[in-house]
Amino acid sequence: MEPGIDHTLRGGWTLGEHALPPHALRWLRGRIGLAEHPTPVAPDSVLTVPEPELSTVGRAALESVVGAEHVLLDRNSRLGRSGGMSYVDLLRHRGCGELAVPDAVVLPGDPDEVVAVLKACGEHDIGVIPFGGGTSVVGGVTALRGGKHAVIVLDLARLNRLVSIDPLSRLVVLQAGVRATDAERMLAAHGFTLGHFPQSFERATIGGFAATRSAGQASAGYGRFEDMVDGVRLATPVGELNLGVAPATAAGPDLKQLVIGSEGAFGVITEVTLRMRPVATHTRYEGYFLDGWDAATAAVRDLAQHRVLADVTRLSDTEETEVQLSLTGGVKAGAVKAYLRARRIADPCLLILGWEAGSAGELAVRRAGTLRALRQHKAVRLGKPIGETWRHGRFAGPRQRDSLLNVGVCVETLETATHWSQLSTLRTAVRGALQRSLGRAVVMCHVSHAYETGASLYFTVLAARADEDPIGQWQRAKRAASEAIAPLGTITHHHAVGTDHAPYLAGEVGSLGIDVMTSVKRALDPTGVLNPGKLLPAADRG
Ligand SMILES: Cc1cc2nc3c(=O)[nH]c(=O)nc-3n(C[C@H](O)[C@H](O)[C@H](O)COP(=O)(O)OP(=O)(O)OC[C@H]3O[C@@H](n4cnc5c(N)ncnc54)[C@H](O)[C@@H]3O)c2cc1C
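This one's a predicted model, so the numbers in the text were calculated from it and none came from an experiment.

Draft legend 1. Molecular detail of the UniProt feature "domain: FAD-binding PCMH-type" (unreviewed entry) in the protein. The feature "domain: FAD-binding PCMH-type" (unreviewed entry), as given by UniProt, occupies residues 98-279 in the numbering adopted here. Taken end to end, residues 98-279 comprises 23% helix and 27% strand; its first and last C-alpha atoms sit 45 Å apart.

Draft legend 2. View of the site of the ligand. Around the ligand, the surrounding shell holds 38 residues, and the nearest of these are Gly-132, Gly-133, Gly-140, Gly-207 and Gly-208. Where the shell around the ligand is concerned, the elements lending two or more residues are β3 (126-131), α7 (206-212), β10 (268-275) and α16 (397-406). Taken together, the residues of the shell around the ligand break down into 17 nonpolar, 19 polar and 2 charged. Of the domains in this structure, domain 1 (41-158) and domain 2 (162-278) are the two that each give at least three residues to the shell around the ligand.

Draft legend 3. Summary view of the domain arrangement of the protein. With domains assigned, the protein is organised as domain 1 (41-158), domain 2 (162-278) and domain 3 (282-394). Spacing between the C-alpha centres of domain 2 and domain 3 amounts to 30 Å. Taken residue by residue, the interface counts 6 residues in domain 2 and 8 residues in domain 3. Ranked by residue count, the leading element in the side of domain 2 that touches domain 3 is helix α8 (residues 219-222), at 3 residues. Looking at the side of domain 2 that touches domain 3 residue by residue, the classes come out as 4 nonpolar, 2 polar and no charged.

Draft legend 4. Inspection of the confidence of the model for the protein at higher detail. Residues with a pLDDT of 70 or more make up 96% of the protein, whose mean pLDDT is 94. Overall fold confidence for the complex sits at a pTM of 0.96, while the interface term, ipTM, reaches 0.99.

Draft legend 5. Inspection of the sheet that holds strand β14 (residues 348-357) at higher detail. Read from one edge of the open sheet, 7 strands run β15-β12-β14-β13-β17-β18-β16, paired in antiparallel fashion. The open sheet has two free edges, formed respectively by β15 (380-383) and β16 (409-419), since each of these has just one partner strand. Strand-to-strand, the axes of this sheet are offset by a mean angle of 20°, without reference to chain direction. Taken together, the 4 bridges between strand β13 (residues 312-316) and β14 define a ladder with antiparallel strand orientation. Note on β14: the bridge partner recorded for Val-312 is Gly-354. Helix-sheet contacts for helix α14 (residues 360-375) involve β12 (282-291) and β14, and the interaxial angle to β14 is about 155°. Contacts from helix α17 (residues 423-438) reach β16, β17 (441-447) and β18 (454-464), with the element oriented near 15° to β18.

Draft legend 6. Structural view of the environment of Arg-275. Looking at the element boundaries, Arg-275 is found in strand β10. Judged by the 18 C-beta atoms lying within 10 Å of it, Arg-275 is partly exposed. C-alpha separation for the pair Arg-275 and Phe-225, spaced 50 residues apart in sequence, amounts to 9.8 Å.

Draft legend 7. Representation of α17. The end-to-end C-alpha separation of α17 is 23 Å, in line with the 22 Å expected for 16 residues at 1.5 Å each. Of the residues making up α17, those classed as buried are Leu-423, Leu-426, Arg-427, Val-430, Arg-431, Ala-433, Leu-434 and Leu-438. For α17, the angular spread of buried residues about the axis comes to 160°, placing them on one side. Those residues of α17 that are buried lie in contact with α11 (293-305), β16, β17, β18 and α18 (470-485). A positive phi of about 75° marks Gly-439, the residue just after α17.

Draft legend 8. Seen up close, the environment of Phe-459. Here Phe-459 is to be found in strand β18. Contacts of Phe-459, omitting those with residues within four sequence positions, involve Thr-413, Leu-414, Glu-415, Val-430, Leu-434, Val-443, Met-444 and Cys-445.

Draft legend 9. Here's a closer look at unusual backbone geometry. For Arg-307, which is not glycine, the phi dihedral falls at a positive 55°. Among the structural elements, Arg-307 can be located in the loop between α11 and β13. Phi at Asp-469 takes a positive value of approximately 50°, unusual for a residue other than glycine. In this structure, Asp-469 sits in the loop between β18 and α18.

Definitions and cut-offs
Residues numbered from 1 in each chain as written. Predicted model: local features only at pLDDT ≥ 70, side-chain atom pairs only at ≥ 80, totals over all residues. UniProt positions renumbered as here; feature names shortened; annotations may be inferred. Helix = DSSP H or I, 4+ residues; strand = E, 2+ residues; numbered from the N terminus. Near = placed C-beta within 6 Å. Nonpolar A, V, L, I, M, F, W, Y, C, P; charged D, E, K, R; others polar. Domains from an automatic or database assignment. Contact = placed C-beta atoms within 7 Å. pLDDT = per-residue confidence, 0-100. Pairing = 2+ DSSP bridges. Axes fitted to C-alpha atoms, helices over the stretch in contact; angles between N-to-C directions. Buried ≥ 20, exposed ≤ 12 C-beta atoms within 10 Å, placed from the backbone. Expected span 1.5 Å × (residues − 1). Arc of directions from axis to C-beta.

Dropping the structure here:
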């Protein structure tokens, strides 16, 4: 049995049926014109998996580093690391379009083996895809060859140890392959938490978070992942970078920032030193409704600019609020809607606030600060049940996506961020682009990461899946949305660049910015073995 995560299941998030309730199916048929009989899911056995092309000498070199038992060439191991977990990836694993299958999966056992594997790959013309949880939704782990004779997935699952912990400084060193759930379990034994809870929490890894500048649901309280990183160890084909000797430094530009977000294109992160915090002993989650998007975002802006954001601050637009209430179904949703009408809330926007504190007093003081700033925005309080419902369902999204895929829904998310002054313009532009491209679609949006100067926007799209060319249907919509985003915000707030956003990176950082990154890549990866076609596609062609 391989250590860590079971990667053999790639057409969905988990095994097992998660059937949609009848009222949800009825609602979907009415809203997006869902077909009665969707195309069934193809079994794994029909997928085409080419024979591995790894040369005998290349394979021998890899085996001499990690041992023959850690160089996997069997069909299931390679199929299980073919791509990430975007809608398009899942469709490919369900028999639509072609999968890029790696020639081998290599499992190094420690940071030194990672360096040796990279050197061997440089010498034997082998591309390397660093692979953590494989939850990338932007093509970050697609096994592209980049002109190399073969490509391997470097699965970091065996780098799964807590290396050291310093409770006084509140620092922990974790190996890159530690899964988020295991990190929390290891830290909880010492009374600490990272506080990093993205929706991919159950599968994603510490190295993956650092490599993609991930943001978790409690980012307002605990910060984005890069805010937690105190040090990194990076293996490259030309040696190691070990960065982070002090909490702050004026010793030139911060090279850590070149590693964080480098998406496996500059090196393989083998260890991360992270700030930790004591586990919260007192928590409170509750829901509020505000009337209309502009009033609701003004409220969140106020909380951010008065620095009284709750640790979790999540604002849904009217469409997303309506869907949440409709899919909940039953008497409760009807009662909430009636109550909101009585309180003259015409366009309800649901605001979830969650506080995580070390004592009842701290919680009370922080909550009072948030609510004081919220008061002038006429928020209607719905109380703890709605907040707790959100908290209990906070990792349910990927399972719901499986169910929606099973009944023929095109379901995908995309995200961006911009300054407050552009936020509504950006939301309108992206919604319009998606609706024009997809026709009868539900386009929902929420703010889940707010800053003093702006916020992220996270879109969820539901449309009836096109029978002909379902991959093209989504790719056209995604292109339209990306073109709407490019002049107004960042192409990605936390999903990273991968292959999907690479064409838009130059627009964001300029050609000089691309030159700088290309030079860094050349210095660290002179033969271009690392993650071909990701982040900087042009550099790999050269
Ligand atoms: C259902 C779902 C929900 C999600 N929700 C969130 C969310 O709330 N917030 C968020 O930020 N993201 C989210 N994501 C995106 C994804 O989970 C993140 O990008 C996450 O950080 C990836 O971690 P991973 O370990 O799975 O990395 P992988 O998917 O394995 O890799 C991601 C990228 O990092 C590189 N990489 C991985 N490990 C290393 C390493 N050790 N060294 C160098 N490069 C490496 C890979 O080559 C790839 O380019 C979600 C994805 C899914 C499918």
